[in-house]
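So you can see what is in the structure, the chains are spelled out below.
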4 protein chains.
Amino acid sequence: MARGSRSAQIPDEADSKSQRTRARILDAAAHVLSVKGYAGTRLSDVADYAGLQAPAIYYYFPSREDLIEEVMFAGIADMRRHLQEALDELPDGTEPIDKILAAVDAHLRHELELSDYATASIRNSGQIPERLRTRQQKETNAYNALWLRLFSEAADAGQLRSDLEIRVALGLVLGALNWTAEWWNPRRTSVDTVVANAQSFVRAGLSPASAPARRRRGSGSRR
Amino acid sequence: MARGSRSAQIPDEADSKSQRTRARILDAAAHVLSVKGYAGTRLSDVADYAGLQAPAIYYYFPSREDLIEEVMFAGIADMRRHLQEALDELPDGTEPIDKILAAVDAHLRHELELSDYATASIRNSGQIPERLRTRQQKETNAYNALWLRLFSEAADAGQLRSDLEIRVALGLVLGALNWTAEWWNPRRTSVDTVVANAQSFVRAGLSPASAPARRRRGSGSRR
Amino acid sequence: MARGSRSAQIPDEADSKSQRTRARILDAAAHVLSVKGYAGTRLSDVADYAGLQAPAIYYYFPSREDLIEEVMFAGIADMRRHLQEALDELPDGTEPIDKILAAVDAHLRHELELSDYATASIRNSGQIPERLRTRQQKETNAYNALWLRLFSEAADAGQLRSDLEIRVALGLVLGALNWTAEWWNPRRTSVDTVVANAQSFVRAGLSPASAPARRRRGSGSRR
Amino acid sequence: MARGSRSAQIPDEADSKSQRTRARILDAAAHVLSVKGYAGTRLSDVADYAGLQAPAIYYYFPSREDLIEEVMFAGIADMRRHLQEALDELPDGTEPIDKILAAVDAHLRHELELSDYATASIRNSGQIPERLRTRQQKETNAYNALWLRLFSEAADAGQLRSDLEIRVALGLVLGALNWTAEWWNPRRTSVDTVVANAQSFVRAGLSPASAPARRRRGSGSRR
DNA sequence: AATGAATGAGTCTTCATTCAT
DNA sequence: GATGAATGAAGACTCATTCAT
């Protein structure tokens, strides 16, 4: 259930013992948050999970809210970085629709493989109090802007069906992706299968019917 | 933000003053639950929203947990009834894919127009403690079974692309629908638009490419 | 466990339906009080036991405290009346020690056979708040005065051992009697046996050793 | 009114500051319990008496019930230990009746001098809910068994009047002793006086009349 | 004469947070 | 760096009491 820690993904984050403890607390908070929700996240549970006593958390974070805010922020911030990197790696001239499929791949793999942070961030975005949202909101907007640009480019290239409204279509796609965390069972389906199905579903769901169902050239998937 | 009360939807539920108060409390709980999450739902907030004092709740429900359990259960139970009724109304001989589109219509309209219950139920299904899940779980399974049958029939009729795994595709579709509650803004998009986009997206996303994109005959939408 | 109601013992107390309901509430309160103690006595339990709803009690008593006060008062008041009557029935010239034995008989039978009131009164005398004690205190003093007179007369007649202090001896005797409610099991020992043992114990415990252990002439027991 | 703390009586119980605080809470609970009764015992009163805030109690005890259960248990457990020690100190060959008198001495002094625990235990034994009784019940049975053995030995030695039933006589004696806590006023009578009177009363009350009233040789009394 | 419905006060309990060590 | 001990604020729940019917 618990998935990879952030520090393992991000260079220059695991240094001194102190920083490692801090990371352990963040990871624990992300995990508890993704399971219990904002209001249900108790510092004692986080501390248990991190292997220390609750008051120790205060050595690293000024308050419960700050800790949670950082987890939520890291959730989308990492997601955005991950997506940006995936897009940057695409060769010039990649078709808009293939960029979208690459984004589907990046989003899903990050959500399912890498991080309680993503789940925490996704599940609790509607429940945290306003005052914790500022940084997260900006990052979310930036993330959505990335996606929106992809969709706009696809629309401009005639690769988006004309009966779809861009924003609505984007909401539906992101929903399909975000929700996987709720039902995906790694023992029944591999991540690869989920990714492949999602890409197929999204491509067909968005593309104009006239477009011959070209075999995709692996551009959106790393394997 | 607050949407229709259950009792307005369900006949024989709004009778005596007592029953109306009980319904008001349930509606309030559904609303708070959908916004604040399981652990964040305070009886005092529910009471405020229902226009009475917190202890009055105990006149109608034995405990906070019982109240919440009933909301969660009612959430999917109503959803299932709503979907079942929508399917029952379809004319014999309706194509499998059109049944799915009708289900998309029913699901979305219930979620967006009718009920905090659905949102409460959807958002909190992963957060409530085990002991509150029994009834809800059964109902959820039954609901999913309804959908699964639709997808199976579509697959048998060759109306589902062969590169899609039924269960994965279903998860993606339900995710796209469930997530709408998170981003839909009634002031920017009408429910009809969301429904139309979702139906178009789902039809195209599932159907074999060869299938000519027939204009849908309104079978899935009642308006 | 529940023993006789007061009204059955006291003439002119069971009249109209209203008065019977009032008596039922008092009896119920005495019962609950004797089992749960002062603070543990809830009006809802009293109401259950009396076969009505809690608010109905307010038709007969201004408050919980008034109800309890009346039970406590009735407890010793009845006890005193009962003892007084028993003493009044004794023939002139009854020996002081035999009067004490008659009192032992009266006290025990009232406590064990007749009344939750006595038990309630005895068990809770130390726990009720000061302001409820006034009437009860006076009655208790009067009751103790009755006993004290008996002991004084016995002392004057040389029927109390000189190494006993009157008040201490009285405390011990009343303790032996009062405590029977805590251990007596009607299925193992008859009231008659308890009374006989108590009389024997008290007579021997108080009388000067020189006094030949006369067979008692039944003066202290009516059966 | 408040009497000695347990820890003062029991070696190896007053150690670290933490243990002393725990002991203070127990002492306070015993005191409140002996005055207010089971249902009337508020954690806030206990906390006041112990000189801390109510929630601090939860640092030492999992719940109000656990705290009370421990007080009740300690009440008789200490009593039994105290009695056992007193009996163990008696020289071999002590007459059965003198053992009983020694037990009277031990019981009374513990009850009057040492402990709110005894009073709490005695007064509330009938009022606490079943689930708190398990340990206490066992200890009470063991305590009563000690006394019963003493009475049996006395009966076997012909030192108990034949018109007394052992169990009834024991009930009367323990009642006389237990009840002293209800009336004893240290400003009017010394503990020694109460003990002396009780021993005299019990010896005479139990012994066969034929037995010449030997002067007791102080075996049962410390003076 | 009695009840259904509701409330206000109070109690237990949890939990973030502090602080001395 | 971390913990044991403690606190204040808040929340669920109980219960005596009220009031309209």
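As the structure is a computational prediction, the values presented were derived from the model and not from experiment.

1. Comments concerning the relation of the copies chain C and chain D
Thinking step 1. Its rotation angle being 180 degrees, the transformation that places chain C on chain D also includes 0.0 Å of axial translation and leaves an RMSD of 0.1 Å. What we have between these two chains is a two-fold relation.
Thinking step 2. Most of the interface of chain C is mirrored in chain D: 97% of its interface residues are interface residues there too.

2. What to know about the interface of chain C and chain D
Thinking step 1. If you look at the interface, chain C gives 39 residues, while chain D gives 38 residues.
Thinking step 2. In this assembly, chain C packs against chain D so that about 3,300 Å² is buried in total across both faces, 63% of it on carbon and sulfur atoms.
Thinking step 3. Broken down residue by residue, the surface that chain C buries against chain D is led by Leu172(C), Trp179(C) and Phe201(C), which jointly contribute 23%.
Thinking step 4. On the surface where chain C and chain D come into contact, there are zero salt bridges.
Thinking step 5. Broken down by secondary-structure element, the contributors of at least two residues to the side of chain C that touches chain D are helix H2 (17-36), helix H6 (116-124), helix H8 (166-178), helix H9 (180-183) and helix H10 (191-206) of chain C.
Thinking step 6. Sort the elements by how many residues they give to the side of chain C that touches chain D and H10(C) lands first, with ten residues.
Thinking step 7. For the side of chain C that touches chain D, the residue count by class is 18 nonpolar, 14 polar and seven charged.

3. What to know about the UniProt feature "DNA-binding region" (unreviewed entry) in chain A
Thinking step 1. Mapped onto the present numbering, the UniProt feature "DNA-binding region" (unreviewed entry) falls at residues 42-61 of chain A.
Thinking step 2. Along residues 42-61 of chain A, the helical share is 60% and the strand share 0%, with 14 Å between the first and last C-alpha atoms.

4. Digging into the protein's contact with DNA strand F
Thinking step 1. Taken together, 33 residues form the shell around DNA strand F, and within it Tyr60(A), Tyr58(B), Arg42(C), Tyr58(C) and Tyr60(D) come nearest.
Thinking step 2. Counting only atoms of DNA strand F within 4 Å of the protein, the fraction found in sugar and phosphate groups is 78%.
Thinking step 3. Gln53(A) is positioned such that a nitrogen or oxygen atom in its backbone is 3.0 Å from a phosphate oxygen of DNA strand F.
Thinking step 4. In the model, a phosphate oxygen of DNA strand F is placed 2.8 Å from a nitrogen or oxygen of the Arg64(C) main chain.
Thinking step 5. Secondary structure elements with two or more residues in the surface near DNA strand F: helix H2 (17-36) and helix H4 (54-57) of chain A, helix H3 (43-50) of chain C together with helix H2 (17-36) and helix H4 (57-60) of chain D.

5. Regarding the nonpolar core
Thinking step 1. Within the largest apolar cluster, 80 residues are counted, with the highest numbers of intra-cluster contacts made by Trp147(A), Leu206(A), Trp147(B) and Leu206(B).
Thinking step 2. Considering each element in turn, this core owes the most residues, nine residues, to helix H6 (residues 96-114) of chain B.
Thinking step 3. Filtering out sequence-adjacent residues up to four positions away, Leu206(A) remains in contact with Ile100(A), Phe151(A), Gln159(A), Leu160(A), Arg161(A), Leu164(A), Ala169(A), Val173(A) and Phe201(B).
Thinking step 4. Within the second largest apolar cluster, 79 residues are counted, among which are Trp147(C), Leu174(C), Ala176(C) and Ala154(D).

6. Considering the packing of helix H6 (residues 96-114) of chain A against helix H7 (residues 116-124) of chain A
Residues and elements named next belong to chain A.
Thinking step 1. Remark: H6 packs on H7, axes separated minimally by 6 Å, with the N-to-C direction vectors making an angle of 105 degrees. It follows that H6 is roughly perpendicular to H7 by the angle criterion. In contact with His110, Glu111 and Leu114 of H6, H7 contributes Asp116, Ala118, Thr119 and Ile122.
Thinking step 2. Across the contact of H6 with H7, the residue classes break down as three nonpolar, two polar and two charged.

7. Here we look at the interface of chain A and chain B
Thinking step 1. Listed by partner, the interface residues are 39 residues for chain A and 39 residues for chain B.
Thinking step 2. Surface buried jointly by chain A and chain B totals about 3,400 Å² across both partners, of which 63% is contributed by carbon and sulfur atoms.
Thinking step 3. Counting across the interface, chain A meets chain B through zero salt bridges.
Thinking step 4. Applying the counting criterion to the chain A and chain B interface returns seven residue pairs in polar contact (both at pLDDT 80 or more).
Thinking step 5. A per-element tally of the side of chain A that touches chain B places helix H9 (residues 166-183) of chain A first, with eleven residues.
Thinking step 6. Across the side of chain A that touches chain B, the residue classes tally to 18 nonpolar, 14 polar and seven charged.

About the cut-offs
Residues numbered from 1 in each chain as written. Chains lettered and ligands numbered in written order. Predicted model: local features only at pLDDT ≥ 70, side-chain atom pairs only at ≥ 80, totals over all residues. Heavy atoms only, no water. Least-squares fit on C-alpha atoms with pLDDT ≥ 70 in both. Contact = heavy atoms within 4.5 Å. Buried area = accessible area lost by both parts, 1.4 Å probe. Salt bridge = Lys/Arg side-chain N within 4 Å of Asp/Glu carboxyl O. Helix = DSSP H or I, 4+ residues; strand = E, 2+ residues; numbered from the N terminus. Nonpolar A, V, L, I, M, F, W, Y, C, P; charged D, E, K, R; others polar. UniProt positions renumbered as here; feature names shortened; annotations may be inferred. Near = heavy atom within 4 Å. Polar contact = N/O pair within 3.5 Å; in protein donor to acceptor, adjacent residues only side chain to side chain. Core = buried A, V, L, I, M, F, W, Y, C linked by side-chain atoms within 4.5 Å. Buried < 20%, exposed > 50% of the residue type's maximum accessible area, 1.4 Å probe, protein only. Axes fitted to C-alpha atoms, helices over the stretch in contact; angles between N-to-C directions. Parallel < 35°, antiparallel > 145°, perpendicular 65-115°, else oblique.

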